Amino acid sequence: REGERYYRHVIDSAVDGYFAIDAQRRVIEVNDTLCDLFGIPRAEWIGKTPLDFVTEESRAELIAQMQRIETTDRRRYQLVARRKDGSTFPILLNNSTHRNEKGEVTGAFGFVTDLTPIVEAQRAVAESERDLRGILDDLQDTYYRTDSQGIVTRASRSVKQLLGYDAEEYVGRRLADSYCSPQDRDEFLARMRANGGHIVGGESRLRHRDGREIWVRTTAHFIRDAAGNVVGVEGTTRDNTRQRRAEEELRLAAAVFESSGEAIMITDAEGRIISVNQAFSRVTGYVAADVTGRNASLLASGRHSREFFSEMWRSVLETGYWNGEIWNRRRNGEIFPEWLSVSSVRDADGRITHLVGTFSDISERKAAEAKIAFLAHHDPLTGLPNRLLLKDRMQQAMVHAERSGNKVALLFVDLDRFKAVNDSFGHPAGDALLRDAAQRLLDCVRDSDTISRHGGDEFLVVLTDLQNSEVPAQIAGKIMAALCEPFHIEADEATISASVGIAVYPEDGTGFDELLKKADTAMYHAKESGRNAFRFYTGRMNADAQERLDLHSRLRRALERNEFVLYYQPLVDLKSGRILGGEALVRWQSPEQGLVAPGRFIPAAEHSGLIGTRRAWVLYEACRGKAP
């Protein structure tokens, strides 16, 4: 549409009247110059034939010329036209036939030149050659004429403005020398010959006297003698450099518009879409024909409030610019995020005439950000909240419980015999079991509760808004029952159980870390009681936990000080009395407590991770063969 407006402006700005007719020889278009020339409004031209606007004397000539439309594509002849007020005047009609791809005539177009000044000039020529030259010199375009050798024999004074030469200086020069190159000259003459010896608005390059290149448009024809021989060229030329540059800029802008990687949409001041580029179609799924003429609101997702758009347009009106993140809708209905920039285009009076929106799809970036945010607060294996998110939710639950007078429980769940599953089936199978266990835990609690993977085979459960302490016990029993059900791992089954420790806010503590420690202690006691059990935290458990910590410290020192000894016990065949083998039994010779039985320190060694080091020591000492 910008291109149409541009060429509309060019036609309306022409010094000659312009018209176009269809195949039935009815007028379908005229320019303002023609309307002014005849004193006839545009609406009265449309649908009429050219015969309606000439005198009776010219009708026969015009009919003959119109009948030649099938055989002659370009014609140039003089007629006498009639204005609306009845006055007549001479015109020069330059007419060109328009054909479709099949060569069929679909209409014609042409330019009407008011010959009144020329006729008057011709009359004046009869009286004075000087008067004729004055008329030519007063023409807006540069007039020139050559002889059969291409030597300029006449030029209007405007050649000074066009090429930098005085008219007298330009006369006698070869016209061919004014072209930028012989190729430019030959191409121009070839177009004239192809058009029957004349050309209208032909574009070419000329060289200015100062050496710069200028683009011109020329209307010219061959001058022929009575025998039809070419004896010269006559024409008018005007500087077209500025228009040419504008066209180049338009072509460049169009190329940039279409090749841009960002989607671009241009609307009028009311938001009706005028143009979109290929990237717009790629992002939204709409092609240009789908959206041209429609309001840009067809992309709206419905996610944004009126206040959001009010602020956007306030920024555009005040600053001429807005950018930010917005959600829009594709043609298939999918809602997607985009980064949008909106700019306003204003006329000379400061009124907004157009809006230009450029945007890019940021779905992938948003998905990556969401994934990063998710991984920052969730366990990547099970998708459960991690300890950081669980702590935040529990702190909020405790604040709410303090206001409402209710309780919050923290359950520490440890899977019994999970290590055996990993050892038997492999870590991928263990991961699958953990994911299944996480889902079973979710099925045991309310939506308002939170489950987190604490690490390894340990889970934390936060029960919120509790009115009594029976609920944690019920949930713990539900969890143990759910986790005792067999887990199907490919073609095999695995059976585990769970040990659960429970700490309650505010009885057992007022901070997350304190409650976590006590729930862990309670879980340890549940394991010691035979596993597949739950225990509430008690004060005695804290003392036991402290005793275990002390025992762990003493065990590490015992290993460093080599306080362990081996006792050997024979294996005897009771039937024959023969000794078949022996067992190496470890004992702890403590300087403070004397000989410590294995039942006291081996569970502590297993819990603290020292059991592997102790086994290696037993094997080494037994192989050495030393005994107490």
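On a predicted model such as this, the values are computed, not experimentally measured, just so you know. (Residues numbered from 1 in each chain as written. Predicted model: local features only at pLDDT ≥ 70, side-chain atom pairs only at ≥ 80, totals over all residues. Heavy atoms only, no water.)

Asker: Just to check I follow, could you spell out the packing of aromatic side chains for this structure?
Answerer: Aromatic ring pairs are reported here in terms of the distance separating the ring centres and the angle at which the planes meet. Under the criterion given, the structure shown has eleven aromatic pairs. When the ring of Phe 38 is compared with that of Trp 45, the centres are 5.0 Å apart and the planes differ by 90°; the resulting orientation is edge-to-face. Taking the relative accessible area as the measure of exposure, Phe 38 reaches 4% and is therefore buried. One aromatic cluster in this structure is built from Phe 38, Trp 45, Phe 53 and Phe 89. Over the ring of Phe 89 we find Arg 83; its NZ or CZ atom is 4.0 Å from the centre of that ring. Arg 303 extends its terminal NZ or CZ atom over the ring of Trp 327, reaching a point 4.1 Å from the ring centre. (Phe/Tyr/Trp six-rings, centres within 6.5 Å; stacked < 30°, edge-to-face > 60°. Buried < 20%, exposed > 50% of the residue type's maximum accessible area, 1.4 Å probe, protein only. Lys NZ or Arg CZ within 6 Å of the ring centre and 35° of its normal.)

Asker: Sorry, what's going on with the nonpolar core here?
Answerer: In a soluble, globular protein the nonpolar side chains are often hidden away together inside. Counting residues in each nonpolar core, the largest one holds 35 residues, and the members touching the most others are Leu 411, Leu 415, Leu 433, Ile 479 and Leu 483. For this core, the secondary structure elements donating two or more residues are strand E16 (407-416), helix H16 (418-425), helix H17 (427-443), strand E18 (458-466), helix H18 (470-484), strand E19 (487-489) and strand E21 (497-505). Among all residues touching Leu 415, those that are not within four sequence positions of it are Leu 433, Leu 434, Ala 437, Asp 457, Phe 459, Leu 483, Ile 496, Ser 497 and Lys 527. Counting residues in hydrophobic clusters, the runner-up holds 23 residues, among them Trp 45, Phe 53, Tyr 77 and Ala 81. (Core = buried A, V, L, I, M, F, W, Y, C linked by side-chain atoms within 4.5 Å. Helix = DSSP H or I, 4+ residues; strand = E, 2+ residues; numbered from the N terminus. Contact = heavy atoms within 4.5 Å.)

Asker: What is the right way to read the pairing of strand E14 (residues 335-346) from this model?
Answerer: With nine bridges connecting them, strand E13 (residues 321-329) and E14 associate as antiparallel partners. The residue bridging Trp 327 from the neighbouring strand is Pro 337, located in E14. From the end of E13 to the start of E14, which pair antiparallel, there are five residues, and Gly 333 there has a positive phi angle of about 95°. When E14 meets strand E15 (residues 352-361), the two strands line up antiparallel, connected through nine bridges. Note on E15: the bridge partner recorded for Val 342 is Gly 357. (Pairing = 2+ DSSP bridges.)

Asker: What am I meant to see in the pattern of salt bridges here?
Answerer: Two side chains that carry opposite charge are able to pair once their charged atoms sit near each other. Scanning the entire structure with this criterion turns up 34 salt bridges. Here Asp 141 ties to Arg 238 by a salt bridge, and the two come within 2.9 Å at their closest N and O atoms. Taken as a pair, Asp 141 in the loop between helix H6 (129-137) and strand E6 (142-146) and Arg 238 in strand E10 (residues 230-239) lie far apart in primary sequence, 97 residues in all. Of the residues examined, Asp 141 reaches a relative accessible area of 15% and is grouped as buried. When the shortest N-O distance is used, the salt bridge between Glu 507 and Lys 407 registers 2.2 Å. Of this pair, Glu 507 sits in the loop between E21 and helix H19 (512-528) while Lys 407 is found in strand E16, placing the two residues 100 residues apart along the sequence. Residue Glu 507 is classed as partly exposed on the basis of its relative accessible area of 46%. (Salt bridge = Lys/Arg side-chain N within 4 Å of Asp/Glu carboxyl O.)

Asker: Help me understand the environment of Arg 59 in this model?
Answerer: Mapped onto the secondary structure, Arg 59 falls in helix H4 (residues 56-67). For Arg 59, a relative accessible area of 27% gives the class partly exposed. Between the C-alpha atom of Arg 59 and that of Ser 344, which follows or precedes it by 285 residues, the distance is 53 Å. If we ignore the near neighbours within four places in the chain, the residues touching Arg 59 are Leu 51, Asp 52 and Val 54. A polar side-chain atom of Arg 59 sits 2.8 Å from the main-chain carbonyl oxygen of Leu 51. (Polar contact = N/O pair within 3.5 Å; in protein donor to acceptor, adjacent residues only side chain to side chain.)

Asker: Even after reading the chapter, I still don't get empty space enclosed by the protein, so can you show me in this structure?
Answerer: Gaps left between atoms show up when a probe the size of a water molecule is rolled over them. Counted under the stated rule, the structure contains four cavities of 30 Å³ or more. The calculated volume of the largest cavity comes to roughly 230 Å³. Contributing to the lining of the largest cavity are 21 residues, with Phe 19, Pro 50, Leu 62, Leu 93 and Val 112 lying nearest its centre. Of all the elements in the fold, those that place two or more residues in the lining of the largest cavity are strand E1 (17-22), helix H2 (32-38), H4, strand E3 (74-82) and strand E4 (88-99). Among the residues forming the lining of the largest cavity, the class breakdown is 18 nonpolar, one polar and two charged. One number sums up the size of the second largest cavity: a volume of about 130 Å³. (1 Å grid on protein atoms, 1.4 Å probe; cavity = no way out; pocket = protein on both sides within 12 Å on 5 of 7 lines; lining within 4 Å. Points joined across faces, edges and corners; volume = space filled by probe spheres on them. Nonpolar A, V, L, I, M, F, W, Y, C, P; charged D, E, K, R; others polar.)

Asker: Please explain the sheet that holds E10 as it appears in this structure.
Answerer: Strand pairing in a sheet is mediated by backbone hydrogen bonds. Such pairs are either parallel or antiparallel. The five strands are arranged E7-E6-E10-E9-E8 in an open sheet whose pairing can be described as antiparallel. At either end of the open sheet lies a strand with only one pairing partner, and these are strand E7 (152-155) and strand E8 (198-207). Ignoring which end each strand starts from, the neighbouring axes of this sheet average 30° apart. One ladder, built from four bridges, connects E6 with E10; its direction is antiparallel. (Axes fitted to C-alpha atoms, helices over the stretch in contact; angles between N-to-C directions.)

Asker: Where do I start with unusual backbone geometry in this structure?
Answerer: Apart from glycine, the bulk of residues carry a negative phi angle, and the bulk of peptide bonds sit in the trans form. The amide bond that connects Tyr 505 to the next residue, Pro 506, takes the cis arrangement and shows omega of 10°. Looking at the element boundaries, Pro 506 is found in the loop between E21 and H19. Positive phi, close to 50°, is recorded for Asn 532, a residue that is not glycine. Following the sequence through the fold, Asn 532 ends up in the loop between H19 and strand E22 (534-536). The exposure class of Asn 532 is partly exposed, given its relative accessible area of 36%.

Asker: Would you mind showing me how to read the packing of H17 against H18 here?
Answerer: The interhelical angle for the contact between H17 and H18, taken along N-to-C directions, is 145°, at an axis separation of 9 Å. Between H17 and H18 lies a crossing of right-handed hand. Here H17 contributes Ala 437, Arg 440, Leu 441 and Asp 443 to the contact with H18, which in turn contributes Lys 478, Ile 479, Ala 482 and Leu 483. In the contact of H17 with H18, the residues fall into five nonpolar, no polar and three charged. (Left-handed = near helix turned anticlockwise from the far one by under 90°.)

Asker: Help me understand the sheet that holds strand E24 (residues 579-590), please; the structure alone is not making it clear to me.
Answerer: Judged by pairing direction, the sheet is antiparallel, and its three strands sit side by side in the order E23-E24-E25 without closing on themselves. Only two strands of the sheet have a single neighbouring strand rather than two, namely strand E23 (564-572) and strand E25 (594-596). The average undirected angle you get between the axes of adjacent strands in this sheet is 40°. The pairing of E23 with E24 spans nine bridges and is classified as antiparallel. Paired with Pro 570 across the two strands is Gly 582, which belongs to E24.

Asker: Just checking my understanding: could you explain the packing of H16 against H17 for this structure?
Answerer: For any two helices packed against each other, one specifies the inter-axial angle together with the distance between the axes. In the contact formed by H16 and H17, the axes pass within 7 Å of each other and the chain directions differ by 140°. Between H16 and H17, the interaxial angle falls into the category oblique. Touching Phe 418, Val 421, Asn 422 and Phe 425 of H16 are His 427, Ala 429, Gly 430, Leu 433 and Leu 434, all from H17. (Parallel < 35°, antiparallel > 145°, perpendicular 65-115°, else oblique.)

Asker: For this particular structure, what's the right way to read helix H13 (residues 306-319)?
Answerer: Since there are 3.6 residues in each turn of an α-helix, residues three or four apart along the chain are aligned in direction. End to end, H13 covers 20 Å across 14 residues, agreeing with the expected 20 Å (1.5 Å per residue, within 8%). Those residues of H13 that sit buried are Met 312, Ser 315 and Val 316. One face of H13 carries all of its buried residues, which in axial projection span an arc of 100°. In H13, the exposed residues that point more than 90 degrees away from the buried face are Arg 306, Glu 307, Leu 317 and Glu 318. Next to the buried residues of H13 lie E13, E14 and E15. (Expected span 1.5 Å × (residues − 1). Arc of directions from axis to C-beta.)

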